[in-house]
Amino acid sequence: KLTRTICIASASIAMLTTNPILFPLLLTAGAIAVFTLNNNAVHVSTTLKQASIQSQIINKKRAGLICGTLWLILLLGLSACVKFKEYQLVSLADIFYRTGSLVYGGGQVVLPFLLRELVEPKYVNEAQFLDGFALVQAMPGPLFNIAAFLGAVAAGPLGALVSWTALFLPG
């Protein structure tokens, strides 16, 4: 019931606004709510089996909390680094990491995000973006591989590696 309630509340809030930072905040708030309010954990008992189950549940929660914290640190840290110093690779990492964090669905969902984030600040032009889209469509594999092409166009081979890694990392 708790998860269902959080999903309905998050979807309702998300439908009322178009602010892209809202989605990571909703994910974080939902994770915190489930982590703190969900008391379905097995209670500690004297048997070894029950103690082992309890330990596994605690370890999974701890791992989830660590992963969520690292995700949030990277999301906010990359954005903060771009605001203070304009390094092209850090900027590309920020763009692709934010895009990877906000994506729900298939690869086509990333295209409007990337088009707005890369073409307007002139990392790539629209023709290069469309060439990359056509190339990735012709190749096997996920559409997310467009990140490598766009990163290479914007900043060479290292840009390809940074962009591709940053887009896949949140998933």
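Just above, that's the structure.
What counts and how
Residues numbered from 1 in each chain as written. Predicted model: local features only at pLDDT ≥ 70, side-chain atom pairs only at ≥ 80, totals over all residues. Heavy atoms only, no water. 1 Å grid on protein atoms, 1.4 Å probe; cavity = no way out; pocket = protein on both sides within 12 Å on 5 of 7 lines; lining within 4 Å. Points joined across faces, edges and corners; volume = space filled by probe spheres on them. Helix = DSSP H or I, 4+ residues; strand = E, 2+ residues; numbered from the N terminus. Nonpolar A, V, L, I, M, F, W, Y, C, P; charged D, E, K, R; others polar. Phe/Tyr/Trp six-rings, centres within 6.5 Å; stacked < 30°, edge-to-face > 60°. Buried < 20%, exposed > 50% of the residue type's maximum accessible area, 1.4 Å probe, protein only. Axes fitted to C-alpha atoms, helices over the stretch in contact; angles between N-to-C directions. Parallel < 35°, antiparallel > 145°, perpendicular 65-115°, else oblique. Left-handed = near helix turned anticlockwise from the far one by under 90°. Contact = heavy atoms within 4.5 Å. Polar contact = N/O pair within 3.5 Å; in protein donor to acceptor, adjacent residues only side chain to side chain.

Novice: In this structure, what is going on with the layout of surface pockets? I would like to understand it.
Specialist: Any space left empty among the atoms is revealed by the rolling of a water-sized probe across them. By volume, the largest pocket is sized at about 350 Å³. Along the walls of the largest pocket sit 13 residues, with Leu27, Thr28, Ala31, Gly64 and Gly68 positioned nearest its centre. Looking at the lining of the largest pocket, the elements that each hand over two or more residues are α2 (22-37) and α3 (48-84). Of the residues forming the lining of the largest pocket, the biggest block, eight residues, is contributed by α3. For the lining of the largest pocket, a count of residues per class yields seven nonpolar, four polar and two charged. Considered as a void within the structure, the second largest pocket measures approximately 180 Å³ in volume.

Novice: How should the environment of Met15 be read in this particular structure?
Specialist: The topology assignment puts Met15 in helix α1 (residues 2-16). Between the C-alpha atoms of Met15 and Lys60, which are 45 residues apart in sequence, the distance is 31 Å.

Novice: Help me understand the packing of aromatic side chains, please; the structure alone is not making it clear to me.
Specialist: Each aromatic ring pair is described using two quantities: the centre-to-centre distance and the angle formed by the ring planes. Inspection of every chain in the model, using the stated rule, returns two aromatic pairs. Judged by centre distance (4.7 Å) and plane angle (45°), the rings of Trp164 and Phe168 are tilted. Placement of both Trp164 and Phe168 in helix α7 (residues 146-168) is noted, with a separation of four residues, approximately one turn of the helix. Since its relative accessible area comes to 30%, Phe168 is described here as partly exposed. Site record: aromatic cluster; members linked through ring pairs are Phe144, Trp164 and Phe168.

Novice: Sorry if this is basic, but what is going on with the packing of helix α4 (residues 88-102) against α7 here?
Specialist: Closest axis-to-axis distance for the α4/α7 pair is 9 Å, and the angle between their directions is 45°. The angle between α4 and α7 falls in the class oblique. Between α4 and α7 lies a crossing of right-handed hand. Here Gln88, Leu89, Leu92, Ala93, Phe96, Tyr97, Thr99 and Gly100 of α4 lie close against α7, whose contacting residues are Ala147, Leu150, Gly151, Ala154, Ala155, Leu158, Gly159, Val162, Ser163, Ala166 and Leu167. When the residues that make up the contact of α4 with α7 are grouped by side-chain class, the tally is 13 nonpolar, six polar and no charged.

Novice: I would appreciate a short explanation of the side chain of Ser101 in the present structure.
Specialist: As for its position among the elements, Ser101 is in helix α4. Assessed through its relative accessible area of 6%, Ser101 is described here as buried. Dropping the residues within four chain positions of it, Ser101 is found in contact with Leu27, Trp71, Leu75 and Pro170.

Novice: So what exactly am I meant to see when it comes to the side chain of Ser91 here?
Specialist: Residue position: Ser91 is located in helix α4. Within polar-contact distance, the side chain of Ser91 engages the side chain of Tyr123 at 2.4 Å. In this structure Ser91 touches Val82, Glu86 and Tyr123, once residues within four positions along its chain are discounted.

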